[in-house]
Amino acid sequence: MPRSLSHASSPRTSRTVRRRTLRIAAAGLTAVAALTLTACGQDNPLRTGAAKPYNPVQQDAKGPADGTPDTGAGTPATGGSVAQGGARPAGGGAEQASAKDLRRTAPGAGAGSRAQGAGKDGNAPAVRHSACDAAKIRIVAQPLKRPVNHLLLVATNTSGATCDLYLAPYLRFDEAQAPLAELPDSKPQAVVTLAPGESGYAGVMTSSADGSGHNGRTMTSLSVSLPGRDGKGSVGGSAAVPIPGGSVYVDDSAWVTYWQSDANEATTW
């Protein structure tokens, strides 16, 4: 009787089946592990994350708020000084305020004398002194090459007290009954104040350069007196002032400027 075929697997076939079973089991375990990690909220290292916006941290600005570059520690770009030991305020307010105060209190005198206004800051009234007395100060007349036909009157305070020069000086050549006309356009913005040793100035045109003046004649003497604050009459006495060269030609176009604190201002008309 023939031998029946055996259904038992060969050893090689059994090993192949076992390997395949192990690979399938391993793959299943890997998938389970991946699902477990995902369920726990952990990121998949193989998955690319969503893009995030780039927001760099802004660096502290070195310059002031208005964009002006800083030139160094504690030194503003405008070159102004900064008080040490304190922070610089935005916009330089303290420096600007100091600068304005200095400009407001700076004297406006051009050649030693001081002009007293009616309180430039609008608060404090102007300081008033006694009107200058022509008999107590030194007044001289100086010749000028330019403008032609002009003299420069110089009043120097030789007393020990400060005084004010008001309006224009009263000038009389020879025995004239009325003082020389004043030049309205030369009126300054403030009264000229003379401390001891300081000087005020007035320009005098003796005759017109174009010959438009009339009734001219040669004068050999000059007296000067000074008006008071109200402009009515003169204060104290008068001063006899020598004329340069001993004489001067004067016609009816002659005038004198208001007192000025600067000699250049007195000779611009």
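This text goes with the structure placed above it.
For the structure given in this document, a descriptive report is provided here. For clarity, every value in this text was computed on a predicted model and none was experimentally measured. (Residues numbered from 1 in each chain as written. Predicted model: local features only at pLDDT ≥ 70, side-chain atom pairs only at ≥ 80, totals over all residues. Heavy atoms only, no water.)

## Here we look at the sheet that holds strand β4 (residues 150-156)
Backbone hydrogen bonds hold the strands of a sheet together, and the pairing may be parallel or antiparallel.
(1) Moving on: With antiparallel pairing, the 4 strands of this open sheet are ordered in space as β3-β4-β8-β13. Looking along the sheet, the strands with just one partner apiece sit at the ends: β3 (138-144) and β13 (255-256).
(2) Moving on: Note that β4 and strand β8 (residues 199-205) share 7 bridges and pair antiparallel. When the sheet's bridge partners are listed, Leu 151 is paired in β8 with Val 204. (Pairing = 2+ DSSP bridges. Helix = DSSP H or I, 4+ residues; strand = E, 2+ residues; numbered from the N terminus.)

## A look at the side chain of Ser 186
(1) Moving on: Assignment of secondary structure puts Ser 186 in the loop between β6 (170-173) and β7 (191-194).
(2) Moving on: A polar atom in the side chain of Ser 186 sits 2.7 Å from the backbone oxygen of Leu 183.
(3) Moving on: The residues contacting Ser 186, other than those within four sequence positions of it, are Thr 257, Tyr 258, Gln 260 and Trp 269. (Polar contact = N/O pair within 3.5 Å; in protein donor to acceptor, adjacent residues only side chain to side chain. Contact = heavy atoms within 4.5 Å.)

## Looking at the environment of Arg 172
(1) Moving on: Tracing the chain through its elements places Arg 172 in strand β6.
(2) Moving on: We classify Arg 172 as partly exposed; its relative accessible area is 28%. (Buried < 20%, exposed > 50% of the residue type's maximum accessible area, 1.4 Å probe, protein only.)

## Looking at unusual backbone geometry
Where the residue is not glycine, phi is negative for most of them; where a peptide bond is considered, it is trans in most cases.
(1) Moving on: With an omega of -10 degrees, the peptide bond between Arg 146 and Pro 147 qualifies as cis.
(2) Moving on: Note that Pro 147 resides in the loop between β3 and β4.
(3) Moving on: Even without a glycine there, the phi angle at Asp 174 is positive, about 55 degrees.
(4) Moving on: The backbone of Asn 215 sits at a positive phi, close to 55 degrees, despite the residue not being glycine.
(5) Moving on: Locating Asn 215 in the fold gives a position in the loop between β8 and β9 (217-219).
(6) Moving on: By relative accessible area, which is 70% here, Asn 215 ends up exposed.

## As for the sheet that holds β6
(1) Moving on: Across the sheet, which stays open at both edges, the 3 strands sit in the order β6-β10-β11 with antiparallel pairing between neighbours. Of all strands in the sheet, those bounded by a partner on one side alone are β6 and β11 (239-240).
(2) Moving on: By the bridge criterion, 4 bridges tie β6 to strand β10 (residues 222-225) in an arrangement that is antiparallel. From the neighbouring strand, Arg 172 faces β10, where its bridge partner is Ser 223.

## Some remarks on the environment of Ala 181
(1) Moving on: When you line up the elements, Ala 181 lands in the loop between β6 and β7.
(2) Moving on: On the basis of relative accessible area, Ala 181 is assigned to the partly exposed category, the value being 43%.
(3) Moving on: In this structure, Ala 181 is in contact with Ala 254, Trp 255 and Val 256, ignoring residues within four places of it in sequence.

## Regarding the state of the cysteines
(1) Moving on: What the rule picks out here adds up to 1 disulfide.
(2) Moving on: Residue Cys 132 pairs covalently with Cys 163 via a disulfide, S to S 2.0 Å. Looking down the S-S bond of the Cys 132 and Cys 163 bridge, the torsion is 90 degrees, so its handedness is right-handed. In this pair, Cys 132 is assigned in the loop between β2 (130-131) and β3 and Cys 163 in strand β5 (residues 163-165), connecting sequence segments 31 residues apart.
(3) Moving on: Its relative accessible area of 1% is what places Cys 132 among the buried residues.
(4) Moving on: The exposure class assigned to Cys 163 is buried, which follows from its relative accessible area of 7%. (Disulfide = S-S within 2.5 Å.)

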